[in-house]
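# Summary of structural features
Listed below, chain by chain, are the residues.
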Amino acid sequence: MSCYLGVDGGGTKTEFVLVDAQGRVVARDLQPTSYYFGGAGLEAVEEVLRAGIANVTAGIGTEEVGYAFFAFPGYGEASADVPALDALPGKVLGHDRYECGNDMVSGWAGSLGGRDGINVVAGTGSVAYGERAGAAHRVGGWSELFGDEGSAYWVAVKGLAAFSRMADGREPRTALYGAVRTALGITEDLDAIGVVVDRWQGQRTRVAALARTVTAAAEAGDERALGIVRAAVAELVELVEATARALGHDAGEVVPVSCSGGLFEAPVVLAEFRAALAGTSYDLREPLHDPGLGSALHALRRGTS
Ligand SMILES: Nc1ncnc2c1ncn2[C@@H]1O[C@H](COP(=O)(O)OP(=O)(O)OP(=O)(O)O)[C@@H](O)[C@H]1O
């Protein structure tokens, strides 16, 4: 029992990382989404776990996994489903040396190395999670329908809304207008509805992929797209501030902050986030590890403490 397994689920992918007792990576694997109530269902998540666990434990077997941490997107967001989700990994591992949690924990564990502070995630969705002296708090992540402000999905929808306003003359057209048309593969503006609503069925991950179009336009100097990025960053900062208040940080107290998730891969997003926190008591740290490794190191700490 010398290995520790971390699983970091997401709206688009699920990462498996196996580390040894020294925290060194032994194996990694990537599988599709484990967002169980995004249409995938528990059976699909079980299949994802089977495939990923088989790949990272090939040649050693699951008995060698001393402890595991499974970070699922949506975990805890439908309390009646928690027992069924909690039971899934046991069916695949064949033992009960594991625990499950929300994927915001793997983002935090990776970025801050399991130390006190707040990590804000802007992936397909958005959420902030922090810990301080054993207390934990979450802010945001209320779904794309009535939350997830500042996420890739949110940025994409703002981009589509700007496109529609430019298309029918409520706003002057900028480069963003043409960029959205190209991304949607349309030559008639109204076909945007057909693509997003009919062909994509408003699918969360497909819509969120358009965030890249917005950040690319912002990076190319489009002021309208930059405005969307700045609005997203303001939302993400608000998540951090509310988390800090809930954790009992006094105004002016230095709070370690980090960020993770695909949206931050856009240099303009990271630069704006850094600028927004500059001169405040929020101390933006470079993420120490990716969420997959964070999850595995979390398993190592939990399994050996
Ligand atoms: N350069 C970029 N600009 C804008 N968005 C980006 C960029 N790179 C990645 N993204 C977006 O990030 C999202 C994926 O992020 P990530 O891999 O963190 O998601 P996830 O883990 O599947 O989602 P979640 O954590 O919300 O469940 C996609 O929607 C993608 O469009």
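Just above sits the structure.
Everything quoted here is computed from the prediction, not taken from an experiment. (Residues numbered from 1 in each chain as written. Predicted model: local features only at pLDDT ≥ 70, side-chain atom pairs only at ≥ 80, totals over all residues. Heavy atoms only, no water.)

## Some thoughts on the site of the ligand
Residues in close proximity to the ligand total 19 residues, the closest being Gly11, Thr12, Gly125, Thr215 and Gly262. Within the backbone of Ala208, a nitrogen or oxygen atom sits 3.2 Å from an oxygen atom of the ligand. Side-chain polar atom of Thr215 to a nitrogen atom of the ligand: 2.7 Å apart, as the coordinates give it. If the ligand stood free it would expose 650 Å²; the protein chains cover 87% of that surface. Broken down by element, the shell around the ligand gets its largest block of residues, 3 residues, from helix 9 (residues 211–219). A breakdown of the residues in the shell around the ligand according to their chemical character gives 6 nonpolar, 9 polar and 4 charged. Per-domain counts for the shell around the ligand show at least three residues from each of domain 1 (3–112 + 290–304) and domain 2 (114–287). (Near = heavy atom within 4 Å. Polar contact = N/O pair within 3.5 Å; in protein donor to acceptor, adjacent residues only side chain to side chain. Areas by Shrake-Rupley, 256 points an atom, 1.4 Å probe, with all protein chains shown as cover. Helix = DSSP H or I, 4+ residues; strand = E, 2+ residues; numbered from the N terminus. Nonpolar A, V, L, I, M, F, W, Y, C, P; charged D, E, K, R; others polar. Domains from an automatic or database assignment.)

## Regarding the packing of aromatic side chains
A complete count under the given rule lists 6 aromatic pairs for this structure. Relative to Tyr98, the ring of Phe70 has its centre 5.7 Å away and its plane inclined at 80°; by these criteria the two rings are edge-to-face. In this pair, Phe70 is assigned in strand 4 (residues 65–72) and Tyr98 in strand 5 (residues 98–102), connecting sequence segments 28 residues apart. For the pair formed by Phe70 and Tyr98, the shared burial category is buried. Consider the rings of Trp142 and Phe146, whose centres lie 6.4 Å apart with planes at 40°: the pair is tilted. Residue class for Phe146 comes out exposed when judged on its relative accessible area of 60%. Here a set of aromatic residues connected by ring pairs shows up, and it is made of Phe70, Phe72 and Tyr98. (Phe/Tyr/Trp six-rings, centres within 6.5 Å; stacked < 30°, edge-to-face > 60°. Buried < 20%, exposed > 50% of the residue type's maximum accessible area, 1.4 Å probe, protein only.)

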